Amino acid sequence: MPTFEKTPGWLDWYADPSQPRFQVPAGAVDAHCHVFGPGEEFPFAPTRKYTPCDASDEQLFALRDRLGFARNVIVQATCHGADNSAMLDAVAKADGRARGVATVKPDISEAALQRLHEGGVRGVRFNFLKRLVDVVPTADLTTISHKIKDLGWHIVIYFEAADLPELFDFFSGLPTDLVVDHMGRPDVTQPVDGPEFALFQRFLAENPQVWCKVSCPERLSVSGPPALNGEQAAYRDVVPFARRIVESFPDRVLWGTDWPHPNLKDHMPDDGLLVDYIPSIAPTADLQRRLLVDNPMRLYWPDEV
Ligand code: 0GY
């Protein structure tokens, strides 16, 4: 049995998150979360850039129930490479209440894709963050996009705002729906009306097939969570960015916890606080229902809509 030691400095996820004050609407979907291992059962990939702590499906489902969510979208994380077994096992154990997003290699067969589909996978993920991958995956992405398009899958892309200018046309030409992780990681010290975020909004405006996860304020924030007395809004410097996207593209936004929050060394978010952040970016019941229920259901459970 392999044993793994987590990357030094890595913070553990909250074992006992606060009970959110905001009650998510019935049927809400946590559309971005992961499982890690357990490493003894599902070993981490030799190519990984970090070794996480274990975060099992049972622990994920316990968090789902505690926060009041009904369903999860479990996204393959880079620490498992293209071995999707931990994610597939978790989806299988969720009794139809989870879908998966996989990482696949360009030589994957049609039969293997079909098996993934039957296992609940509805998308593939490509990571463009240089700290997480060795090569920019444009060639593989092009090949795979043509293999998955007839399955009705989408492509999840994770990139940083500084890289969008060179990727804009490439992404716009892909043949499937796209889902952008964490708003394309804007630099929130820039103005919300500045050129960097304007380009991201133009990317969404010109491409009706692009969806956006307004997730991970904790990764983007400089102001951070509120002080313990809770006087100030959580992650307040990210709010104008996320709210702008939610209000401009209300039918193409998704939200997720990002539990168990890979790769964080400075600050680990309290998942209850993350849920309490939602009304600050989706201030009306209508926006909240679209963000948390209608949109993810249309993308991941279209047969049930
Ligand atoms: C996230 C963020 C990160 C990591 C990964 O697959 C991954 O390893 O996505 C990150 O380090 O920013 O969304 O999980």
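The structure displayed is predicted, hence computed values, not measured ones.

What counts, and where the lines are drawn
- Residues numbered from 1 in each chain as written.
- Predicted model: local features only at pLDDT ≥ 70, side-chain atom pairs only at ≥ 80, totals over all residues.
- Heavy atoms only, no water.
- Helix = DSSP H or I, 4+ residues; strand = E, 2+ residues; numbered from the N terminus.
- Buried < 20%, exposed > 50% of the residue type's maximum accessible area, 1.4 Å probe, protein only.
- 1 Å grid on protein atoms, 1.4 Å probe; cavity = no way out; pocket = protein on both sides within 12 Å on 5 of 7 lines; lining within 4 Å.
- Points joined across faces, edges and corners; volume = space filled by probe spheres on them.
- Nonpolar A, V, L, I, M, F, W, Y, C, P; charged D, E, K, R; others polar.
- Phe/Tyr/Trp six-rings, centres within 6.5 Å; stacked < 30°, edge-to-face > 60°.
- Near = heavy atom within 4 Å.
- Polar contact = N/O pair within 3.5 Å; in protein donor to acceptor, adjacent residues only side chain to side chain.
- Areas by Shrake-Rupley, 256 points an atom, 1.4 Å probe, with all protein chains shown as cover.
- Sits in = over half its atoms within 2 Å of the grid points.
- Core = buried A, V, L, I, M, F, W, Y, C linked by side-chain atoms within 4.5 Å.
- Contact = heavy atoms within 4.5 Å.
- Disulfide = S-S within 2.5 Å.
- Axes fitted to C-alpha atoms, helices over the stretch in contact; angles between N-to-C directions.
- Parallel < 35°, antiparallel > 145°, perpendicular 65-115°, else oblique.
- Left-handed = near helix turned anticlockwise from the far one by under 90°.

Our focus in this paragraph is unusual backbone geometry. With an omega of 0°, the peptide bond between Gly 37 and Pro 38 qualifies as cis. With respect to the element layout, Pro 38 can be found in the loop between strand E1 (29–33) and helix H1 (57–67). Residues Trp 259 and Pro 260 are joined by a peptide bond in cis, for which omega reads 0°. Relative to the elements of secondary structure, Pro 260 occurs in the loop between strand E8 (253–254) and helix H9 (271–281). The backbone phi angle of Met 183 is positive, close to 55°, even though this residue is not glycine. By the secondary structure assignment, Met 183 is in the loop between strand E6 (178–180) and helix H6 (195–206). Owing to a relative accessible area of 1%, Met 183 belongs among the buried residues under this scheme. Its identity as a non-glycine residue notwithstanding, Arg 185 has a phi of 45°, on the positive side. Relative to the helices and strands, Arg 185 is located in the loop between E6 and H6. Judged by relative accessible area, Arg 185 falls into the buried class, the value being 16%.

Moving on to empty space enclosed by the protein. Scanning the model with the defined rule gives one cavity of 30 Å³ or more in all. For the largest cavity, the calculated volume is near 120 Å³. A per-class count over the lining of the largest cavity returns five nonpolar, six polar and four charged.

The next subject is the packing of aromatic side chains. Both the distance between ring centres and the angle between the ring planes are used here to describe each pair of aromatic rings. Overall, the coordinates contain 15 aromatic pairs when judged by the stated rule. Measuring from ring centre to ring centre gives 6.2 Å for Trp 10 and Phe 36, while their planes differ by 65°; the resulting arrangement is edge-to-face. Of this pair, Trp 10 sits in the segment before E1 while Phe 36 sits in the loop between E1 and H1, placing them 26 residues apart in sequence. Across the pair, exposure class does not vary: Trp 10 and Phe 36 are buried alike. Aromatic pair Phe 197 and Phe 241: ring centres 4.9 Å apart, planes at 75°, arrangement edge-to-face. With Phe 197 in helix H6 and Phe 241 in helix H8 (residues 239–248), the pair connects residues that are 44 residues apart, well separated along the chain. For the pair shown, Phe 197 and Phe 241 are each scored as buried.

Another aspect to go through is the site of the ligand. Close contacts around the ligand come from 16 residues, with His 34, Tyr 50, Thr 78, Tyr 158 and His 182 the closest. In this structure, Arg 125 approaches the ligand through a side-chain N or O atom, which is 2.8 Å from an oxygen atom. Take Tyr 158: an N or O atom from its side chain is 2.6 Å from an oxygen atom of the ligand. Coverage of the ligand by the protein amounts to 100% of the 350 Å² it exposes when considered alone. When each cavity is represented as a set of grid points, the ligand is found to reside in the largest cavity. Within the shell around the ligand, the residues separate by chemical class into five nonpolar, six polar and five charged.

Below, the discussion takes up the nonpolar core. One finds Phe 171, Met 183, Phe 200, Val 214, Ile 245, Trp 255 and Leu 292 to be the most contacted residues of the largest nonpolar core, which totals 104 residues. The element that contributes the greatest number of residues to this core is helix H10 (residues 285–300), accounting for seven residues. The residues contacting Ile 245, other than those within four sequence positions of it, are Met 183, Phe 197, Phe 200, Gln 201, Leu 204, Cys 212, Val 214, Pro 250 and Val 253.

This part is about the side chain of Asp 57. With respect to the element layout, Asp 57 can be found in helix H1. Aside from chain neighbours lying at most four places away, what touches Asp 57 is Val 35, Asp 89, Ala 90 and Lys 93.

What follows deals with the state of the cysteines. This structure, assessed with the given rule, holds zero disulfides. Among the cysteines around Cys 79, which has no disulfide bond, Cys 53 carries the closest sulfur, lying 9.7 Å off.

What follows concerns the side chain of His 182. Tracing the sequence through the fold places His 182 in the loop between E6 and H6. Here His 182 falls in the buried class, since its relative accessible area comes to 1%.

Before going further, it helps to examine the packing of H6 against H8. Across the interface, H6 lies against H8 with an axial gap of 11 Å and an inter-helix angle of 20°. In this view, H6 runs roughly parallel relative to H8, as classed from their interaxial angle. The way H6 lies across H8 gives a crossing that is right-handed. Contacts from Phe 197, Phe 200, Gln 201 and Leu 204 of H6 reach H8 at Phe 241, Arg 244 and Ile 245. When grouped by side-chain class, the residues that make up the contact of H6 with H8 number five nonpolar, one polar and one charged.

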